[in-house]
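Fold and geometry: a report
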Amino acid sequence: MGITARGVGLLVAAVVLLGVGFRYAYPELTVLGAAAGIAVGYALITAAWRPRLTVERVADPDRVARGEPAAMVLTVRNTGRLRSANLLAEDRCGGRLVPVPVLRLRPGRDTEVRYPVPTRRRGVVPVGPLRVTRRDPLGLVALARSYGDTVPVWVHPRIHPLSAVPTGAGRSLDGRTDSVPHGSITFDSLREYVVGDELRRVHWRTSARVGELMVRENVDTSLPRLVVVLDNRAAAHPDRDAGVAESFESGCEAAASVVAAAIREDLPVSLLLVAPPAEELSRSPLDRLAAAELADGGEDVLRAALTRLRQDRLGDTLVFLTGPGARGDLGHVGALRGAYPSVVVGMFGAPEPTAAGTAGLVVVDAADGAEFAAEWDGIRRW
């Protein structure tokens, strides 16, 4: 609850008039001071009344690509018995306020407002809550309250179409690694026979040797598996334009493009951040890219992330997307070639082309996500 400047002035006047009236026995001043005090008290009681409003909001749609139109539909209903007089309402949309007409809203009636949500930048745009301010008729007291929940609108990075996807790497038990475009079934291990197993999978030679039926276990080890790693260290993207690291935005677009291409081809794909957030809910890769932010961290953070990649071996094609500040770190990325048969680096915003054959990697220098997509389709070495 806040007393306006007018209310503060009237309250001070009431105290002064009452003091002077009682001190010097001026009943007129005492009456005026009492009237001013009563007015302030009435204003406090009037503003303290809480209007009964329900708020519903629907994002149309709630997930869009950067630059695509999105809107918020807000419905405010007066569920009380009194007319909602002297109310001013504003809905918060990102960093701006949108006025909502609720003045003198009748009981049982509602008002609907539809307004655009800014999608010029990738990110998560929080919309809400509705801020309702009630004032007394004299303008002495103003009380603001919040109604409704906050609804996020996910602005995904732009997706640039990729026509090519990597092939798989078929690994046999003797250590050979072959390029396999569509996956194949490979022998993995033997186990004891259980009721229901197909007899054609019984390995008769081993069964005769051990004295019990043994069944082959097969696994598809050659299905192409992609691992997309987005370098979200602030040190990797030192250049800023109006506070925005365009090289990082381009990296997000490239990551979204590769992930979308893999999903289109029904290929397993993983999306990782070099500096993951402290708490990350289970979301789709595009939602995670929308919420991705630059984080503090240097070479030690990168080494820790690459160590995890080497130990986990999540796939056979690694796509590492970074900025000009990480040129000196490509040697660490190149060390992953023993764990990942194909390693592709996307370098964004570099003032000069990266030297050919750096750390034995396939490096794609690109100004933005669209140029990366064009260069990606020209890669023939996986």
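Quick note: structure is the one above.
Here is a short report on the structure shown in this document. (Residues numbered from 1 in each chain as written. Predicted model: local features only at pLDDT ≥ 70, side-chain atom pairs only at ≥ 80, totals over all residues. Heavy atoms only, no water.)

**A word on a positive patch on the surface**
- Among the surface-exposed residues, Arg83, Arg104, Arg106 and Arg109 lie close enough to one another that they form a single positively charged patch.
- When you line up the elements, Arg109 lands in the loop between strand S6 (96-100) and strand S7 (110-116).
- What makes Arg109 partly exposed here is its relative accessible area of 48%. (Patch = residues over 30% accessible without salt bridge, like charges linked within 9 Å, V, L, I, M, F, W, Y side chains within 5 Å. Areas by Shrake-Rupley, 256 points an atom, 1.4 Å probe, with all protein chains shown as cover. Salt bridge = Lys/Arg side-chain N within 4 Å of Asp/Glu carboxyl O. Lys, Arg positive; Asp, Glu negative; His and termini not counted. Charge placed at Lys NZ, Arg CZ, Asp CG, Glu CD. Helix = DSSP H or I, 4+ residues; strand = E, 2+ residues; numbered from the N terminus. Buried < 20%, exposed > 50% of the residue type's maximum accessible area, 1.4 Å probe, protein only.)

**Observations concerning the nonpolar core**
- Among the nonpolar cores identified, the biggest contains 30 residues, and Val228, Leu230, Val258, Leu321, Phe372 and Trp376 are the most heavily contacted of them.
- Among the secondary structure elements, those contributing two or more residues to this core are strand S15 (226-230), helix H4 (246-264), strand S16 (269-273), strand S17 (317-322), strand S18 (342-348), strand S19 (362-366) and helix H8 (369-376).
- Looking at this core, the element that brings in the most residues is H4, giving nine residues.
- Judged by nonpolar contacts, the second largest core, of 23 residues, contains Met72, Val76, Ala89 and Val125. (Core = buried A, V, L, I, M, F, W, Y, C linked by side-chain atoms within 4.5 Å.)

**Let's talk about the environment of Ala235**
- Mapped onto the elements, Ala235 comes out in the loop between S15 and H4.
- C-alpha of Ala235 to C-alpha of Gly298: the two residues are 63 residues apart in sequence and 6.4 Å apart in space.

**A closer look at helix H1 (residues 5-24)**
- Given a rise of 1.5 Å per residue, 20 residues ought to cover 28 Å, and the 28 Å separating the end C-alpha atoms of H1 matches this to within 8%.
- All of the buried residues along H1 are Gly7, Ala14 and Gly21. Projected onto a plane normal to the axis of H1, the buried residues spread over an arc of 65° and lie on a single side. Counted as exposed and oriented over 90 degrees from the buried face of H1: Ala5, Val15, Arg23 and Tyr24.
- Elements in contact with the buried residues of H1: strand S1 (2-3) and helix H2 (27-48).
- Among the residues trailing H1, Ala25 stands out with phi positive, at a value near 60°. (Expected span 1.5 Å × (residues − 1). Arc of directions from axis to C-beta. Contact = heavy atoms within 4.5 Å.)

**Some points on the sheet that holds S18**
- Taken in spatial order, the five strands of this open sheet run S16-S15-S17-S18-S19, and their pairing is parallel. The sheet is open, and its two edges are formed by S16 and S19, each paired on a single side. Between one strand axis and the next, the sheet turns through 15° on average, direction left out of account.
- Pairing geometry for S15 and S16, over five bridges, is parallel. Within S16, the position partnered with Val227 by the bridge is Ser270.
- Strands in contact with H4 are S15, S16, S17 and S18; relative to S15, the strand with the most contacts, it is inclined by about 165°.
- This element, H8, spans S17, S18 and S19 of the sheet and lies at about 140° to S19. (Pairing = 2+ DSSP bridges. Axes fitted to C-alpha atoms, helices over the stretch in contact; angles between N-to-C directions.)

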